[in-house]
Amino acid sequence: MANKKIYFADQEQFPSVSETELKTMDNQISELTSKLQEVLQSCKQLEAELKELNSSMTTKDMKAEIELLKVECSSGTEKLKNVKSATNHVTPEEREKVYNERKQYVKEWKKRKRMATDLIDAILEGYPKTKKQFFEEVGLETDEDYKVTIPDL
């Protein structure tokens, strides 16, 4: 601890304080400290409330949002009304006809694909190159090339 100096105030210049005065001052310090904690806690709560209020919508914004939602609701109601009153509904007979046509087209697609596959396999039996090379030379494009799958019936 060489070369260090400590300075302190001369205590003679201050009036002496009794033990009761010191205890009274300690009590005052404790009371003021607890009041300070209460005020700080209250301040934190008020800041949190202020932050919440600042992040929420203003009355003006809410009124505008309500009007926008009313317009959307009325347009949706109008569309629903139009759909319900429409006279161009699909009859069950028309629907059945469309489903049957689709079923026929899918069957035909499967049949043609099976025939084409059988024909290609027959050609490839005596062909010296790979299936991929054959497709490139002939210019064939498959459903798989375009990631198309035959729908289920």
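My aim in this report is to walk through the structure given alongside it, one point at a time. (Residues numbered from 1 in each chain as written. Predicted model: local features only at pLDDT ≥ 70, side-chain atom pairs only at ≥ 80, totals over all residues. Heavy atoms only, no water.)

Digging into the overall build of the protein
Right, so step 1: Scanning the protein from N- to C-terminus turns up four helices and zero strands.
Right, so step 2: Starting at the N terminus and walking to the C terminus, you meet the elements of the protein as α-α-α-α.
Right, so step 3: Since a compact globule built from 153 residues should have a radius of gyration of about 15 Å, the 45 Å found for the protein marks it as more spread out than a globular shape.
Right, so step 4: The buried share of the protein, reckoned over its 153 residues, is 4%.
Right, so step 5: When the accessible area of the protein is evaluated, it comes to approximately 14,900 Å², of which 57% is carbon and sulfur surface.
Right, so step 6: The centroid of the 26 positive side-chain charges in the protein is displaced by 8 Å from the centroid of its 30 negative side-chain charges. (Helix = DSSP H or I, 4+ residues; strand = E, 2+ residues; numbered from the N terminus. Rg over C-alpha atoms; globule rule 2.2 N^0.38 Å. Buried < 20%, exposed > 50% of the residue type's maximum accessible area, 1.4 Å probe, protein only. Areas by Shrake-Rupley, 256 points an atom, 1.4 Å probe, with all protein chains shown as cover. Lys, Arg positive; Asp, Glu negative; His and termini not counted. Charge placed at Lys NZ, Arg CZ, Asp CG, Glu CD.)

Quick word on the packing of helix H3 (residues 92-125) against helix H4 (residues 131-138)
Right, so step 1: Relative orientation of the contacting elements H3 and H4 amounts to 110 degrees, with a least axis distance of 11 Å. Classified by the angle their axes make, H3 and H4 are roughly perpendicular. On H4, the residues touching Ile120, Asp121, Ile123 and Leu124 of H3 are Lys131, Phe134 and Phe135.
Right, so step 2: Among the residues making up the contact of H3 with H4, the classes are represented as five nonpolar, no polar and two charged. (Axes fitted to C-alpha atoms, helices over the stretch in contact; angles between N-to-C directions. Parallel < 35°, antiparallel > 145°, perpendicular 65-115°, else oblique. Contact = heavy atoms within 4.5 Å. Nonpolar A, V, L, I, M, F, W, Y, C, P; charged D, E, K, R; others polar.)

Focus on the packing of aromatic side chains
Right, so step 1: Enumeration over the complete set of coordinates arrives at two aromatic pairs.
Right, so step 2: Here Tyr127 and Phe134 contribute two aromatic rings whose centre-to-centre distance is 5.2 Å and whose plane-to-plane angle is 70 degrees, an arrangement assigned as edge-to-face.
Right, so step 3: Taking the centre distance of 6.3 Å and the plane angle of 50 degrees together, the rings of Phe134 and Phe135 count as tilted. For the pair Phe134 and Phe135, a shared accessibility class is recorded, and that class is buried.
Right, so step 4: Here a set of aromatic residues connected by ring pairs shows up, and it is made of Tyr127, Phe134 and Phe135. (Phe/Tyr/Trp six-rings, centres within 6.5 Å; stacked < 30°, edge-to-face > 60°.)

Overview of unusual backbone geometry
Right, so step 1: Its identity is not glycine, yet Lys147 carries a phi of approximately 55 degrees, on the positive side.
Right, so step 2: Looking at where Lys147 falls in the secondary structure, it is placed in the segment after H4.
Right, so step 3: Judged by relative accessible area, Lys147 falls into the exposed class, the value being 75%.

The quantities given are spatial measurements derived from coordinates; they are silent on function.
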